[in-house]
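Coordinates in review
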Amino acid sequence: AKYRASCNPGSCQYYGGLCSAVERPASMRSYLSTIAMAKALAWISKRDQITKEDVLFIMPYTLSTVIKVKPQELLDYGDSTLNYYRHRIPEARRN
């Protein structure tokens, strides 16, 4: 199934945000891997629960290879999805 999303000013409250740069989102398995790795990070840090910071730290490594970012969004990042997310995730931390 091809992913189709309508992300324009009239139909999306997040227009212009990080999600509007995505051409193809990650699968559910990728999200589950992100949570599993965040749990491992919390465990290594001797904590019982994961935090938003754990998830944001792990996301570039678990999702950068599966999320397809629109090519025009990558121009300033050397066509590297990993570099793109390393730059954009601090924006998510502020929200």
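Rules used throughout
All residue numbers refer to position in the chain's written sequence, counted from 1. Note on the predicted model: pLDDT of at least 70 is required for a residue's local features to be given, and 80 or more for side-chain atom pairs to be given and counted; whole-chain, interface and lining totals, by contrast, use all residues. With hydrogens and water excluded, all non-hydrogen atoms of the structure serve as input to the side-chain values. Patch definition: residues above 30% relative accessible area lacking any salt bridge, with like charges linked at up to 9 Å and the nonpolar side chains Val, Leu, Ile, Met, Phe, Trp and Tyr linked at up to 5 Å. Areas reported as accessible are Shrake-Rupley estimates using a 1.4 Å probe. Residue values count occlusion only from the protein chains shown. By salt bridge we mean one thing: a side-chain nitrogen of Lys or Arg within 4 Å of a carboxyl oxygen of Asp or Glu. Helix numbering and strand numbering both begin at the N terminus, where a helix is a DSSP run of H or I of at least 4 residues and a strand a DSSP run of E of at least 2. In what follows, a contact means two residues having at least one pair of non-hydrogen atoms within 4.5 Å. Each residue gets one of three labels from its accessible area relative to the maximum for its type: buried under 20%, exposed over 50%, partly exposed in between, using a 1.4 Å probe on protein chains only. Throughout this description, the term nonpolar core refers to a set of buried Ala, Val, Leu, Ile, Met, Phe, Trp, Tyr and Cys residues connected via side-chain atoms within 4.5 Å. Any pair of Phe, Tyr and Trp rings, taking the six-membered ring for Trp, is counted once the centres come within 6.5 Å. Such a pair is stacked with planes under 30 degrees apart, edge-to-face with planes over 60 apart, and tilted for the rest. Every helix has an expected span of 1.5 Å times one less than the residues it contains. As used here, the arc is the angular range of directions from the helix axis to the C-beta atoms.

On the surface, Met28, Tyr31 and Leu32 cluster together to form a nonpolar patch covering roughly 340 Å² of accessible area. Within the secondary structure, Leu32 is located in helix α1 (residues 28-44).

On the secondary structure map, Asp54 appears in helix α2 (residues 52-63). Ignoring sequence-local partners within four residues, the contact set of Asp54 consists of Ala38, Leu41, Ala42, Arg47 and Gln49.

What follows deals with the pattern of salt bridges. Evaluated as defined, the whole model comprises 1 salt bridge. When the shortest N-O distance is used, the salt bridge between Asp54 and Arg47 registers 2.8 Å. By relative accessible area, which is 4% here, Asp54 ends up buried. What makes Arg47 partly exposed here is its relative accessible area of 31%.

So, about the nonpolar core. Membership of the largest hydrophobic core is limited to 10 residues, which are Ala21, Val22, Ala26, Leu63, Ile67, Val69, Leu74, Tyr77, Tyr84 and Tyr85. Those residues within four positions of Leu74 in sequence are excluded, and the remaining contacts are Val69, Asp79, Ser80, Thr81 and Tyr84.

Scanning the entire structure with this criterion turns up 1 aromatic pair. Arranged with centres 6.1 Å apart and planes meeting at 50°, the rings of Phe57 and Tyr61 form a pair that is tilted. Of the two residues, Phe57 and Tyr61 both sit in helix α2, 4 residues apart, roughly one turn of that helix. Classification of Phe57 as partly exposed rests on a relative accessible area of 44%.

Compared with the 24 Å implied by 1.5 Å per residue over 17 residues, the 24 Å span of α1 between its first and last C-alpha is a close match. Regarding α1, the residues found buried are Ser30, Thr34, Ala38 and Ala42. Angularly, the buried residues of α1 cover 120° about the axis, an arc narrow enough to put them on a single face. Opposite the packed face of α1, turned more than 90 degrees from it, sit the exposed residues Met28, Arg29, Leu32, Lys39, Trp43 and Ile44. Looking one or two residues beyond α1, the residue adopting positive phi is Lys46, at roughly 60°.

Compared with an ideal rise of 1.5 Å per residue, which puts 12 residues at 16 Å, α2 spans 16 Å between its outermost C-alpha atoms and is within 8% of the ideal. Looking at α2, one finds that the buried residues are Asp54, Leu56, Ile58, Pro60, Thr62 and Leu63.

Once that is clear, we can look at unusual backbone geometry. In this structure, Lys46 takes a positive phi of about 60° despite not being glycine. Checked against the element boundaries, Lys46 lands in the loop between α1 and α2. Among the residues examined, Lys46 registers a relative accessible area of 76% and is labelled exposed.

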